[in-house]
Each structure stands twice: as C-alpha cells, then as structure tokens.
Amino acid sequence: MPKQSSDSQELDIEFRNVTKRFENVVAVDDMSLSVERGAFFSFLGPSGCGKTTSLRLIAGFDQPSEGDVFISGKSVVGIPSHKRPVNMVFQQYALFPHMDVTDNIGYGLRQRNPKPGKQEIIKRVDETLEMVRLSGYGKRRVWELSGGQQQRVALARALINHPTCLLLDEPLAALDRKLRREMQIELQTLQRDVGITFILVTHDQEEALSMSDRICIMREGQIIQTGSPRELYDEPVDRYVADFVGRTNFFDGDVIDITASTATVKSMSGQIFVGSQPKGATALAKGSKACVAVRPEMIAIKAVNDASHSSNISINGQVMNRIFLGEHSEYLVATEGCGDVMVLSPRSTESMNRSFVPGDHVSISWGPEAALVIGNT
Amino acid sequence: MRIYAIAVFLFLYVPIGIIVLFSFNAGRHASELKGFSIQWYDKALSNPFVGDAFVTSLIVAFSVAILSSLMGTAAALALQRLKGTPKMLFDGLIYVSVMIPGIVIGIATLVALVTVFDFLNPLLASAWPEGSKPPKLHMGYASVIAAHTLFTMSLVIILVRARIAGMDRALIEASMDLYATPWRTFYQVTLPQIYPAILAGFLLSFTFSFDDFIISFFVAGANTTLPIYIFASIRRGITPEVNAIGTMVLVASLVLLLTAQFLLRKRTQR
Ligand SMILES: Nc1ncnc2c1ncn2[C@@H]1O[C@H](COP(=O)(O)OP(=O)(O)OP(=O)(O)O)[C@@H](O)[C@H]1O
Ligand SMILES: [Mg+2]
C-alpha cells in the first residue's frame with residue numbers, strides 16, 4: 001500500500017521529519033509541516049536558513065536525505081521534478097532566452113503527453129497572457145521586457161499548467177520597491193482568483209506578513225514557529241520570532257513568579273514587569289532568564305506626574321528623538337534603568353494630549369496585557 | 001621599441017604577403033613580377049594531384065570535425081558532473097593535451113598504431129577462414145583522423161565547457177520543472193544554449209586538421225593530404241602554382257577561423 005499522508009483531502013504539501021544534508025551542512029533539519037490546499041504559505045527566515053532548499057525538495061530538484069515529502073497525499077520521494085504536479089517561479093526568472101514570450105509560456109503545455117493541439121496551446125497562452133496583463137507581448141523576446149514584465153512571464157509560464165501548487169522563490173527580490181508593492185497585490189489577487197496553493201520564499205518580513213495566510217519562520221534549517229501573521233505578531237514563541245516579525249522592545253530579567261497564564265519578571269535594575277506567556281511557547285521556570293517583549297504601538301507616552309494609570313507598568317524617561325511619520329510619531333525614550341525604548345504614538349492621542357520634543361521628561365506605560373514574557377534565546 | 005615591433009610584424013607577414021603577391025604573378029619565376037594573372041590558380045585547380053590531395057584533406061578534415069565535435073560535446077557534458085579530484089585531474093589532462101606539440105602526437109600515434117597493428121594483424125590472419133584474404137590493418141584515413149581527433153577533441157571540450165559554465169543552471173531546472181524529460185531538456189534548452197561553442201569547435205577542428213602537416217606526415221600512410229602534397233612539390237622547387245594553393249588555403253582558413261571567433265563572441269542568442 002502506498003504511503004498516505006494523514007489527511008489527503010485537505011493537505012497539499014506535507015513534510016514529515018525531512019532532513020536534507022549537503023556534504024557537511026544540514027540545510028533542512030528534521031522539518032515537519034503541512035500546507036493546506038489553496039493556502040498562501042510563506043517560508044520566512046534569514047539568508048542561508050534553508051528556505052530555498054525546502055522549496056527545491058518540493059519541486060524535486062533535490063531529494064531529502066531523510067524523511068518524507070507528500071504532494072496531494074502521495075509520497076514524492078524519488079520522483080523527478082518533471083513528473084511532479086508543481087511549478088516554480090525562479091528568483092532570476094530563468095526564462096528561456098532563445099524563445100519568445102509565447103514559446104516560453106507554452107513550454108510546459110508542449111511537454112505534455114498527449115500534447116495539446118496547436119490551436120489549444122495558442123488559445124491558452126493568450127488567456128494566460130491576458131491574466132498577467134501582457135496581451136500583445138507574445139512575440140517579444142524575453143530580454144526586451146522589463147523586470148516586472150519578465151516576472152509576469154515567469155508567473156504565466158508556471159500558472160498555465162494549472163499546477164496543484166505554485167512555488168515562488170523570492171520572486172520579487174529583483175524588483176524595485178514600488179513595483180514590488182504592486183506585484184505583491186497582484187500576486188495576492190491572482191492567488192485568490194486561480195485558487196491554487198502558493199508557497200512563497202522570502203526574507204522580507206513585511207512581504208510575508210502582508211501576503212500570506214500562514215507563515216513558517218525558519219532558522220538554521222529548523223522551523224521556529226508556524227502560524228497566521230497575526231499569531232506570529234501577537235504570540236511569538238521566542239525572542240527570535242518577536243525580533244524578526246515587526247519591531248519590539250525587549251527588557252531582560254529573571255522570572256520571579258509564575259501563574260497559570262502570567263509571569264513576573266524582575267530586571268537587573270529592579271523594575272518589575274508582568275506579562276502573559278504566549279501560547280505554544282515552552283513554559284518558563286521560576287528563576288530562569290526571560291525577556292519581556294512590548295510592541296512600540298502598545299506603549300502610551302505621557303507627561304511625568306500625569307497619574308492616570310494604576311495597574312499599568314510605568315517607567316520614567318527622557319525623550320531622545322522624535323520622528324514624525326504622518327499618521328503617527330515615533331519616539332525614542334531613554335529610561336531610568338531599562339535602556340532605550342521605542343514608542344509609536346498615534347496622531348489621535350497626540351492631539352488629545354500634547355506631543356513631546358527631545359529633552360522632555362515623560363512617563364511611558366503599558367498594561368500587562370500588552371507585554372509578553374518569552375524565553376531568552 | 002616601435003622599430004622592434006615593426007620588424008616582428010614584417011617578419012611575420014612579409015613572407016605571407018609575398019606568397020599571395022606572386023600567386024598572381026604572370027611570370028614563371030619568383031625573381032620578377034610580370035603583371036597580373038590568375039593562370040596559376042587555373043593550373044593548380046586543374047592539376048589532378050592537387051585535386052586528389054584536396055579531396056583527401058577535405059575527407060579527413062570533415063571526419064575529424066564531426067567526430068571531435070560529437071565526442072568533445074559528449075565529454076564536456078559528462079565532465080560537467082564531475083567534482084573534486086577527478087574533475088581537477090581531467091581538466092588538467094585536457095589542457096595538457098592541447099599543449100602537446102604536434103610532433104609528439106605524430107610520433108606517439110605512429111608508435112602506438114604500429115605496435116597495435118603488428119599485434120593484431122597475425123591474429124586476424126590466423127582467425128580468418130582459409131582461402132579468403134585476411135584484412136590487413138595499415139596506416140590510412142583512419143589513422144590520420146584518429147590522430148587529429150585526439151588533439152581537436154580537447155579543443156572542443158574546452159570551448160563547450162566554457163559555454164556550459166556560463167550558462168544559467170536554473171534554465172535546465174526550469175525545463176525539468178515544466179515537465180520536460182532529461183532528453184527533451186537537452187535538445188530544447190541545453191543544445192540551443194551551447195551550439196555556438198560546438199559549431200566554433202567544429203570549425204576550429206576542421207581548420208586544424210586541414211592545415212596540419214606534422215601529424216599527417218607521420219600517420220597518413222599512402223594518403224597525400226594537401227599540406228603533404230605542397231611539402232613534396234616544394235622539394236622540387238617553388239612554383240607559382242604552390243603560391244596559388246597556399247593563398248587559397250590561407251583564405252579558407254582565415255574565413256573559418258573568423259567565423260569561429262564570431263560564434264564564440266556571440267552571447268546567448270542576444
Ligand atoms: N547544493 C548545495 N551544496 C552544498 N550546500 C548547499 C547547497 N545548497 C544549499 N546549501 C547550503 O544549505 C544552506 C541553506 O541554503 P538555502 O539556499 O536553502 O538557503 P536560503 O534560506 O534559501 O538562503 P537565501 O535567503 O540566501 O536564499 C546554506 O548553508 C547553503 O550553503
Ligand atoms: Mg534562497
């Protein structure tokens with residue numbers, strides 16, 4: 001009996017304890033994950049953490065050293081890439097330079113057995129060109145196209161085959177900022193329209209957060225956390241994730257008390273912090289090192305002696321810098337004993353209170369619900 | 001310094017210029033120019049010995065070019081997969097084989113072939129059925145072609161490997177990803193990418209084989225290639241006819257070499 005994945009109806013891609021070794025590096029280390037059908041899934045992590053290798057294991061360019069890879073419930077270990085129902089968009093596009101746009105896009109169809117008729121291929125290429133908004137470009141040579149256009153040809157060349165899953169390896173890295181933003185939106189729309197699974201590799205956290213349904217954060221070949229963008233932002237399991245996703249203030253200290261859901265941390269300077277422990281994180285022990293993570297937008301900034309907060313943690317400090325960013329202001333506050341703290345203050349509260357200038361003595365505060373106590377790794 | 005450079009160039013090109021000049025000389029002797037004429041070309045082309053030698057050279061050069069571009073390309077593709085010490089070893093051997101002087105190849109091939117023939121011919125004779133005449137291995141087309149190919153194949157390998165190295169590996173993966181079998185990937189993607197190098201290798205091999213004298217002289221046996229013919233006729237005195245043949249060979253070689261150069265310069269179909 002062929003090996004079956006746990007739930008072949010729902011899952012498109014599944015890794016079971018996959019390890020990939022190159023001579024002396026472990027590029028992917030005992031990785032298990034599952035991607036639901038129709039999801040927009042992202043691998044996010046710093047350079048060299050094994051994102052591309054994971055994608056290549058799905059595409060079939062590399063075979064796992066250990067473990068099992070499933071596509072649509074069937075194990076694909078040992079099956080070469082030309083027999084797998086997935087398609088890839090390469091980082092540098094890898095368009096065939098000796099073919100025009102039409103021939104590039106129709107390439108996959110022409111390899112099929114039985115091969116579709118000429119008219120059928122022409123029709124589908126035209127439809128796909130229209131889908132990626134490149135109608136009329138069919139006879140162009142690929143090097144005559146701009147980066148964004150080449151990107152869309154690469155997309156069309158993959159999508160025309162109706163793969164079960166589209167793999168994208170940093171597809172937007174070569175584009176400039178503005179074009180990248182446009183293509184992000186275009187990709188998202190396209191994914192919703194065609195309804196196939198997209199697996200995106202990126203090291204740009206903003207890109208991953210804005211586009212994906214689920215994100216898998218990797219480090220040194222291992223998965224640190226998988227979750228929706230919101231889960232990763234609100235409940236990072238460790239300091240690495242909190243630091244990687246969005247911006248955070250960290251306060252180091254020792255755990256002095258633990259309840260079912262909260263932990264109390266005392267910093268070197270004696271400041272006491274209370275915060276919740278994120279779901280899914282390894283439980284902290286009393287006396288262990290930990291850090292308290294507070295997002296800058298969760299911190300309120302007030303004039304000193306403006307005693308309106310009671311149960312909140314409050315620290316005094318001095319404004320070092322203020323950057324006006326339109327809808328909000330970003331303050332850097334040097335605190336007494338807790339280092340520099342970043343505060344993001346929305347315009348609406350600024351007009352109610354007053355805005356501060358460098359040198360002002362202020363008090364920053366947040367409620368216990370805004371703070372997370374996480375392991376210090 | 002400038003005088004020195006000029007002297008070198010004169011030394012290089014004046015003899016060639018003289019050959020070309022005198023091939024159009026109406027007079028019989030190299031000592032005097034007597035006006036323009038193409039009679040020597042006419043004479044050379046209608047000389048049956050020249051014609052035979054020319055055909056022999058063409059057959060050899062063409063076979064060498066075909067064999068070395070086929071085998072050289074295949075070898076280059078296979079060597080591509082090697083890694084580590086075997087790769088270094090083969091790369092080194094290939095570069096060395098290009099640098100080996102023609103005379104060494106000539107002697108080595110001659111000695112090797114003679115030894116093999118001496119060993120095989122009695123065996124063949126004894127294995128052959130009584131009555132019929134056993135075949136006898138000897139120097140001829142095959143030995144020249146083999147000796148030339150030995151050298152030119154390395155040339156093709158070097159050219160094709162350089163091209164493969166410059167090719168985007170992702171193109172091959174993209175083709176595989178788009179359902180093309182390895183064989184289809186080869187002729188739809190790899191071959192169109194490397195064919196300029198193969199063609200250049202073909203032309204260089206052809207030119208090398210067509211112009212070669214030393215190696216052919218050792219292993220050609222009874223066959224007379226054009227360079228061997230020229231050498232032989234020069235011993236009977238330099239005639240304007242030889243000048244005409246030399247000029248024709250020169251022009252043909254230059255055209256082939258320039259074409260090869262052009263192909264190698266051409267970037268990936270852009
Ligand atoms: N073919 C290979 N041979 C040897 N080592 C490799 C090979 N491919 C990848 N590696 C190694 O595996 C590790 C993971 O590489 P991978 O390309 O997956 O990283 P990545 O996360 O995609 O990085 P980047 O963001 O820089 O593209 C790296 O240490 C890399 O050096
Ligand atoms: Mg990568």
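Residues numbered from 1 in each chain as written. Chains lettered and ligands numbered in written order. Predicted model: local features only at pLDDT ≥ 70, side-chain atom pairs only at ≥ 80, totals over all residues. Heavy atoms only, no water.

(A) Region of the structure containing the interface of chain A and chain B. Counting residues at the interface gives 24 residues for chain A, matched by 22 residues for chain B. It is His82(A), His98(A) and Gln111(A) that lose the most area in chain A upon contact with chain B, and together they represent 30% of the buried surface on that side. Our enumeration of links across chain A and chain B arrives at 13 residue pairs in polar contact (both at pLDDT 80 or more). When contributions to the side of chain A that touches chain B are tallied by element, the ones reaching two or more residues are helix H1 (51–59), strand E6 (86–89) and helix H2 (101–110) of chain A. Here the residues of the side of chain A that touches chain B sort into 12 nonpolar, seven polar and five charged. (Contact = heavy atoms within 4.5 Å. Buried area = accessible area lost by both parts, 1.4 Å probe. Polar contact = N/O pair within 3.5 Å; in protein donor to acceptor, adjacent residues only side chain to side chain. Helix = DSSP H or I, 4+ residues; strand = E, 2+ residues; numbered from the N terminus. Nonpolar A, V, L, I, M, F, W, Y, C, P; charged D, E, K, R; others polar.)

(B) Focus on the confidence of the model for chain B. Residues and elements named next belong to chain B. For chain B, the average pLDDT comes to 87, and 97% of its residues sit at 70 or higher. Between the elements of chain B, mean pLDDT differs from a low of 84, seen in helix H2 (residues 39–46), to a high of 94, seen in helix H7 (residues 169–177). Note on the complex model: pTM 0.80, ipTM 0.80. (pLDDT = per-residue confidence, 0-100.)

(C) The arrangement of the nonpolar core in detail. The biggest cluster of nonpolar side chains holds 51 residues, and the ones touching the most others in it are Phe15(A), Phe43(A), Leu167(A) and Ile199(A). With five residues, the single largest contributor to this core is H7(B). Among all residues touching Phe15(A), those that are not within four sequence positions of it are Met31(A), Ser32(A), Leu33(A), Ser54(A), Leu57(A), Ile58(A), Asp68(A) and Val69(A). By size, the runner-up hydrophobic cluster in this structure holds 32 residues, among which are Phe40(A), Val125(A), Leu168(A) and Leu172(A). (Core = buried A, V, L, I, M, F, W, Y, C linked by side-chain atoms within 4.5 Å. Buried < 20%, exposed > 50% of the residue type's maximum accessible area, 1.4 Å probe, protein only.)

(D) Here's a closer look at the site of ligand 1. All names here are of chain A. Around ligand 1 sit Phe22, Val25, Ala27, Ser47, Gly48, Cys49, Gly50, Lys51, Thr52, Thr53 and Glu170, and those are all the residues in its vicinity. Thr53 is positioned such that a nitrogen or oxygen atom in its side chain is 2.5 Å from an oxygen atom of ligand 1. Note that an oxygen atom of ligand 1 is positioned 3.4 Å from one of the side-chain N or O atoms of Glu170. Relative to its unbound accessible surface of 640 Å², ligand 1 loses 61% to contact with the protein. When residues of the shell around ligand 1 are traced back to their parent elements, those giving at least two are strand E2 (25–36) and H1. Considering every element that reaches the shell around ligand 1, the biggest residue donor is H1, with three residues. Here the residues of the shell around ligand 1 are counted per class, giving four nonpolar, five polar and two charged. (Near = heavy atom within 4 Å. Areas by Shrake-Rupley, 256 points an atom, 1.4 Å probe, with all protein chains shown as cover.)

(E) Expanded view of the sheet that holds strand E17 (residues 328–335) of chain A. Residue and element names in this part refer to chain A. Spatial strand order, E15-E19-E16-E17-E18: five strands in an open sheet with antiparallel pairing. Looking along the sheet, the strands with just one partner apiece sit at the ends: strand E15 (300–303) and strand E18 (340–346). Strand-to-strand, the axes of this sheet are offset by a mean angle of 45°, without reference to chain direction. Relative to E18, E17 runs antiparallel, the two being bridged by seven bridges. Within E18, the position partnered with Ser329 by the bridge is Ser345. (Pairing = 2+ DSSP bridges. Axes fitted to C-alpha atoms, helices over the stretch in contact; angles between N-to-C directions.)

(F) Structural view of the confidence of the model for chain A. Here chain A averages 88 in pLDDT, and 94% of its residues register 70 or above. In the predicted structure, residues 1–8 of chain A sits below a pLDDT of 50 and forms 17 contacts with residues beyond four places in sequence or in another chain.

(G) How the structure looks around the environment of Ser329(A). Position of Ser329(A) among the secondary structure elements: in strand E17. Spatially, the C-alpha atom of Ser329(A) lies 35 Å from that of Arg192(A), the residues being 137 residues apart in sequence.

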